[in-house]
Protein chains: 4
Amino acid sequence: MSGNSFGRLLRLTSFGESHGFGVGGMLDGCPAGLELSEADIQAALDQRKPGQGPTATKRKEADKVRLLSGVFEGMTTGTPIAFYVANEDQRSRDYGELADVFRPGHADWTYFQKFGGIRDYRGGGRASARETIARVAAGAIAKKILWRCGVVIQAGCVELGGIAAPEAADLTDAPMRPYFAPSERMVALWDARVEEARAAGDTLGGIVAVVVKNVPAGLGEPVFDKLDAVLAHALMSVGAVKGVEVGDGFAAARLTGARNNDPLLPGGQFASNHAGGILGGISSGQDIVLRAAVKPIASIAQKQRTVDKDGRPREILISGRHDLSAIPRIIPVLSAMTSLALADALLLQRRMESF
Amino acid sequence: MSGNSFGRLLRLTSFGESHGFGVGGMLDGCPAGLELSEADIQAALDQRKPGQGPTATKRKEADKVRLLSGVFEGMTTGTPIAFYVANEDQRSRDYGELADVFRPGHADWTYFQKFGGIRDYRGGGRASARETIARVAAGAIAKKILWRCGVVIQAGCVELGGIAAPEAADLTDAPMRPYFAPSERMVALWDARVEEARAAGDTLGGIVAVVVKNVPAGLGEPVFDKLDAVLAHALMSVGAVKGVEVGDGFAAARLTGARNNDPLLPGGQFASNHAGGILGGISSGQDIVLRAAVKPIASIAQKQRTVDKDGRPREILISGRHDLSAIPRIIPVLSAMTSLALADALLLQRRMESF
Amino acid sequence: MSGNSFGRLLRLTSFGESHGFGVGGMLDGCPAGLELSEADIQAALDQRKPGQGPTATKRKEADKVRLLSGVFEGMTTGTPIAFYVANEDQRSRDYGELADVFRPGHADWTYFQKFGGIRDYRGGGRASARETIARVAAGAIAKKILWRCGVVIQAGCVELGGIAAPEAADLTDAPMRPYFAPSERMVALWDARVEEARAAGDTLGGIVAVVVKNVPAGLGEPVFDKLDAVLAHALMSVGAVKGVEVGDGFAAARLTGARNNDPLLPGGQFASNHAGGILGGISSGQDIVLRAAVKPIASIAQKQRTVDKDGRPREILISGRHDLSAIPRIIPVLSAMTSLALADALLLQRRMESF
Amino acid sequence: MSGNSFGRLLRLTSFGESHGFGVGGMLDGCPAGLELSEADIQAALDQRKPGQGPTATKRKEADKVRLLSGVFEGMTTGTPIAFYVANEDQRSRDYGELADVFRPGHADWTYFQKFGGIRDYRGGGRASARETIARVAAGAIAKKILWRCGVVIQAGCVELGGIAAPEAADLTDAPMRPYFAPSERMVALWDARVEEARAAGDTLGGIVAVVVKNVPAGLGEPVFDKLDAVLAHALMSVGAVKGVEVGDGFAAARLTGARNNDPLLPGGQFASNHAGGILGGISSGQDIVLRAAVKPIASIAQKQRTVDKDGRPREILISGRHDLSAIPRIIPVLSAMTSLALADALLLQRRMESF
């Protein structure tokens, strides 16, 4: 109930803070018999590692994962798969005024309110993006389940700092490019935008697209746990995400029914995919298409107005090295959450098959 | 697990189909001691009743609710509150080809796939919007819980058929106007748009805004059950919703950090509300601002291409009287889902207060 | 969270009070394609109907069930199956002192404490055994799922008023005898015991055995949701049950390991079944053997000491017609709870064989 | 759903195997502001440590716990509290025939069936009693929550190898005696019984009593999550437990109503406590009294008949050092499970008084 678990049959539970001992989690409900190694998970974590790409800080952390349980002789046993990443630098640095002052755009104020004035203020504590390590680690396992069934997830950036990629961008090679960009041309445009923001001591937001291919029809549940509702929950639970669309999303609100309906064709095909692969909350077998709006990083290199915990007005200048955008590091996280939601739906549907 | 329940401490479970005996539900976890009558629920249901407003069909149904349990001497007892609305016309009309042919834009195909070829095809069965009766009935109870704590929810239409209301529209009187419109001027503009669509045998989508006032700070859970994640789940679970935004939403992706951060002021105030009242997944005490994209109604008065259950290409012309837009009838539903999610978060936070 | 739901994939949610409008429930998660009719459920309800057998009151109620959803053309659709039994006599009789005085052995005092002084005191309200209607109705559906897989549940009385049946009693024909007794001889012994108690204005308890045959090996989950833990939860949740045993139960505590271990034989057989069909919380394929201790009915025809809601000492003589023992009417309820727990475990294990 | 979590608001999730890297868990839902240190948890773990008391093997393990998250400056923060105990000796010893042969009375056969032939056979893997480390660690935190509210849990052995302590034994000092015995006299009797069993290469079972004092009235939920149902689930989920009783338990089945009812007295008191502190599934404010039947340890020092994984008959002699009885090491585990269930019920009831 306290929000540190996600999923029904395939269920991730996570723990850890930014500057505590480390971050970890446990994936429960993974079937027995899946080949799994630390290297599988490490490869996924390396994609969200700090210090990569044009928007990154210079800080480096290895983020080496350890598998603690649930795997025997290289194979999952059906029991909980626990994993752990130690924080490398836990020395209690001088957090100076951060103990007393609320950073604008961060969770400092709201955690203070929620937990009766008690909070681990070091680097945001539990509210830090460092918790996404557990999401990516578990997502790597979920992806192995999906691959078994032929399901493949692609994700990339389709807009950064207000500069959008052309529609229907191909994300196949996105992980190989900076920003998980759909083309080299976008890389160049976004590089310029990033430099501009960096010079201004400012930060950028953007839009991430996730496309899932080869999804079997029939995933998702009627009414409250529609597949799109669960996916929206999954993506919106990632810090910095402020909006989620399925298929044409907000653009669909401007279409008429005649334009928006996707005609069915023989062979389980459709003439178009405005719906983004989900009808009535159930997957149709078409590509699932999602988009998430990512707000700009809250830690800017400018003085900001705020208050301290006694309610007095203060000015704050956040020091330290911070990413200039959540993109691209948020992309593997959104891909992981999509994987977890889909693998869960897939396992659920296998249990509930008609007689 | 089968998706017919919503909420944690305050939990709605619903049942019923479009052309079965009726639609009902049960709200579990409502505290004892709340005054509640059938009239309270009926008033909410009357707002979503068919046959109202310019986009409506001429069909009329009374949708009279009966309270079956959980209330004694006009007061909730802490036990489950069950309610039921009988379907007035259950005669098995001639559903003609609907038993065999999949309507584009509907859940016909996906339910057929999910449930191994078995489905109640009459009027969409469980996938019909008629299930939202249970959401609205339970939402009326949730609202009484919220009112006790001073929380008030406003909802209205801010865009219809591509014609948007001015930004920051005031929704206070929206329920008194057609379309739950923010102004008489928008009513006139939308009337014209609706007539145009009707003449073309087409349907319209739009955008609904929900604003919540006087929310206490501290609601929502860290990490996976962030308040915005739960609200996105709640809204996206309503049929026809294809996108959800919090605060500036997709527009926030285009702002820089310096523009998007909301400076804190003394007294728990903020200088702006780009965040839409939620920071780090926890309510900040500011207004919660949500927007949902509603796709156009799939049942258009035009011939459409599709296939039948044997996979053969077919043409279909959907007969019967259908609404021209999910707006305004979806608005009380989205308001109800917001109420359920918030009342649940409120009850949860009361249990988990710090020592 | 408020305790009105049971099960994971196959989940019963129930509502209703003793003297409200009626009692009902909803079974979610039943797969599509199961033949189901009101008659199937009615047959089960008739077994727990009031006014039957030597321990019964003379009160008669028809308890006619209505199926409200989830079945189409005689077959489950995979959507929630709702059912409802109206209370026949809802007239607010004179409950006299029951509004103010707490009956010993009943939930009057504890509900008063739990719900801040608010309670439906008419006939126990939600705490009445009348809520078990929903258990039996849902159990009838669960049994149809189990039958598909060859699983059969037997239940009967093995001890009443301190008079025990011989060990290893055969329960095959128990439902055909008064008390669900294992033999005619026990019927005679128990008849005498019942007459003795009736003459004394007193009531009796007893022990119920439930035996499940043809259970596939592999049901149940490691650690916290062991099959026996879930079954103990299921049985102990029935009012009046004060103890639950699996296999040899408390007698196993007196055996040594050499006596208690069941040697494995070729062909998935065992040389004995002290374990009662469950090893390490997982079904072994042997018969599952459960026993539940049922306390005597609290409503005796004798004056009792108690207090009223102002804390003053009072004497109470409970009027009205009450059963003399929860046996036999509790037996179909315990059988139903066993069915629900096992069908749920079966669906959960289904297709969960390793990759 | 895979059974590695327990609790609703206060929720333990655990992982780890007997001979993997270690055992750990995470307690979610602990309110902020509770003082907590590794020493608090270590003290509880030391009570279940191997190598203690007359029934123990000679094997020693330190079982040092590490707190990984959720505590800052000595106080809980409201975020997940993770803990971990490394297995000291993970060298893959020669498990010889254990990889192929199923030990009678163990979970070897049922895990093999459940997980499609895949299992970590080293020391029982996940089915080993070593998983109870996580229960005891989390229980230590739950106890601190209970203590805040004045609730105290006592537990001890009341029967071993068929030799029962006198009724109503006082367990106050039990943790200070071998076997958690209620008196020195029982220690002497049980020592003799243990020596007898050891000489025979056999093992013993027994009965554990748990008594909870100062429980507030009103804990537990009506219908399916009655407090006794949840407690039965909690205790029965511990390996080796084959029966659970509340209050008079099976003896209550032999009382008449006039004997079994507990008369209410002024001041929230009762004249007796046959009910064991729970009426209608809700705590009454009296002592909660539970008893659990513990089967004899399955690993005996005698040759046993069994089969191997190809179904061939085999003889097995289990080597290694094994406890002679689950008593006393199971006692802190049963106490911990009681604590977790009660602290959860307490948080759930908190501030749930009616409006």
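Keep in mind it's a predicted model, so treat the numbers as computed, not measured.

**Q** Which parts of the structure should I look at to understand the relation of the copies chain C and chain A?
**A** Comparison of the two chain copies shows a relationship of rotation about an axis with a shift along it. Screw-axis analysis of chain C against chain A gives a translation of 0.0 Å along the axis, an RMSD of 0.1 Å, and a rotation angle of 180°. Here the copies are linked by what is in effect a two-fold axis. Comparing interface residues between copies, 94% of those in chain C also sit at the interface in chain A, which points to an isologous, same-surface contact.

**Q** Would you take a moment to explain the packing of helix H3 (residues 132-148) of chain D against helix H7 (residues 330-349) of chain D for this structure?
**A** Two packed helices can be described by the angle between their axes and the distance between those axes. Residues and elements named next belong to chain D. Running from N to C, H3 and H7 point in directions that differ by 45°, and their axes come no closer than 7 Å. Viewed along their axes, H3 and H7 adopt a mutual orientation that is oblique. For H3 against H7, the interelement crossing comes out left-handed. Contacts between H3 and H7 pair Thr132, Arg135, Val136, Ala138, Gly139, Ala142, Lys143, Ile145 and Leu146 from the former with Pro332, Val333, Ser335, Ala336, Met337, Ser339, Leu340, Leu342, Ala343 and Leu346 from the latter. Considering only residue class, the contact of H3 with H7 consists of 13 nonpolar, 4 polar and 2 charged.

**Q** Sorry if this is basic, but what is going on with the pattern of salt bridges here?
**A** Between side chains of opposite charge, pairing is possible as soon as their charged atoms come close. Under the counting rule described, the total for this entry stands at 88 salt bridges over all chains. Between Lys213(C) and Asp287(C) there is a salt bridge, with the nearest N and O atoms lying 3.0 Å from each other. With a gap of 74 residues between them, Lys213(C) in strand S10 (residues 206-213) and Asp287(C) in the loop between strand S15 (282-283) and strand S16 (288-294) connect regions that are remote in the sequence. Judged by relative accessible area, Asp287(C) falls into the partly exposed class, the value being 26%. Between Arg312(C) and Asp310(C) there is a salt bridge; the shortest N-O distance is 3.1 Å. The exposure class of Arg312(C) is partly exposed, given its relative accessible area of 47%. On the basis of relative accessibility, which here comes to 56%, the residue Asp310(C) falls in the exposed class. One network of salt bridges, in which partners are shared, links Asp308(A), Asp310(A), Arg312(A) and Arg314(A).

**Q** Any chance you could explain the interface of chain C and chain A here in plain terms?
**A** Buried accessible area, meaning the area lost when the parts come together, often serves as the stated size of an interface. With 17 residues of chain C at the contact, the number on the chain A side is 17 residues. When the two sides are added together, the surface that chain C and chain A hide from each other amounts to roughly 1800 Å², 66% of it contributed by carbon and sulfur. Seen at the junction of chain C and chain A, the total is 0 salt bridges. Summed over the shared surface of chain C and chain A, the result is 2 residue pairs in polar contact (both at pLDDT 80 or more). Split into classes, the residues belonging to the side of chain C that touches chain A amount to 11 nonpolar, 3 polar and 3 charged.

**Q** Any chance you could explain the environment of Lys303(B) here in plain terms?
**A** All names here are of chain B. Mapped onto the elements, Lys303 comes out in the loop between strand S16 (288-294) and strand S17 (304-307). The class for Lys303 is exposed, based on a relative accessible area of 59%. Residues Lys303 and Gly201 lie 102 residues apart in sequence; the distance between their C-alpha atoms is 9.8 Å.

**Q** Which parts of the structure should I look at to understand the side chain of Gln349(B)?
**A** Here Gln349(B) is to be found in helix H7 (residues 330-351). Not counting residues up to four positions away in its chain, the partners in contact with Gln349(B) are Lys114(A), Gly218(B) and Leu219(B).

**Q** Please explain the interface of chain B and chain A as it appears in this structure.
**A** Listed per partner, the contact involves 106 residues of chain B and 106 residues of chain A. Here chain B meets chain A over a buried area of about 8200 Å², counting both sides, of which 62% is carbon and sulfur. Together, Lys114(B), Phe224(B) and Lys242(B) form the three largest contributors to the area buried by chain B at its contact with chain A, with a combined 11%. Our count for the chain B to chain A interface comes out at 4 salt bridges. The salt bridge involving Lys114(A) is made with Glu221(B); its shortest N-O contact spans 3.2 Å.

**Q** Would you explain the packing of aromatic side chains in this entry?
**A** Any two aromatic rings considered together are summarised by their centre-to-centre distance and by the angle between their planes. Taken as a whole, this structure holds 34 aromatic pairs over all chains when the rule is applied. Summarising the aromatic geometry, the rings of Phe224(C) and Phe6(D) are spaced 6.0 Å apart at their centres and angled 40° between planes, so their arrangement reads as tilted. Of this pair, Phe224(C) sits in the loop between S10 and helix H5 (227-236) while Phe6(D) sits in strand S1 (residues 5-6), which puts the two residues in different chains. Both residues of the pair, Phe224(C) and Phe6(D), count as buried. Aromatic side chains Phe250(C) and Phe250(D) sit 6.0 Å apart centroid to centroid with 65° between the ring planes, which places their arrangement in the edge-to-face category. Of the two residues, Phe250(C) is situated in the loop between strand S11 (241-246) and helix H6 (257-260) and Phe250(D) in the loop between strand S11 (241-246) and helix H6 (257-260); the pairing between them involves two chains. On the basis of relative accessibility, which here comes to 5%, the residue Phe250(C) falls in the buried class. Clustering of aromatic rings is evident, with ring pairs tying together Phe102(A), Trp109(A), Phe112(A) and Phe270(B).

What counts as what
- Residues numbered from 1 in each chain as written.
- Chains lettered and ligands numbered in written order.
- Predicted model: local features only at pLDDT ≥ 70, side-chain atom pairs only at ≥ 80, totals over all residues.
- Heavy atoms only, no water.
- Least-squares fit on C-alpha atoms with pLDDT ≥ 70 in both.
- Contact = heavy atoms within 4.5 Å.
- Axes fitted to C-alpha atoms, helices over the stretch in contact; angles between N-to-C directions.
- Helix = DSSP H or I, 4+ residues; strand = E, 2+ residues; numbered from the N terminus.
- Parallel < 35°, antiparallel > 145°, perpendicular 65-115°, else oblique.
- Left-handed = near helix turned anticlockwise from the far one by under 90°.
- Nonpolar A, V, L, I, M, F, W, Y, C, P; charged D, E, K, R; others polar.
- Salt bridge = Lys/Arg side-chain N within 4 Å of Asp/Glu carboxyl O.
- Buried < 20%, exposed > 50% of the residue type's maximum accessible area, 1.4 Å probe, protein only.
- Buried area = accessible area lost by both parts, 1.4 Å probe.
- Polar contact = N/O pair within 3.5 Å; in protein donor to acceptor, adjacent residues only side chain to side chain.
- Phe/Tyr/Trp six-rings, centres within 6.5 Å; stacked < 30°, edge-to-face > 60°.

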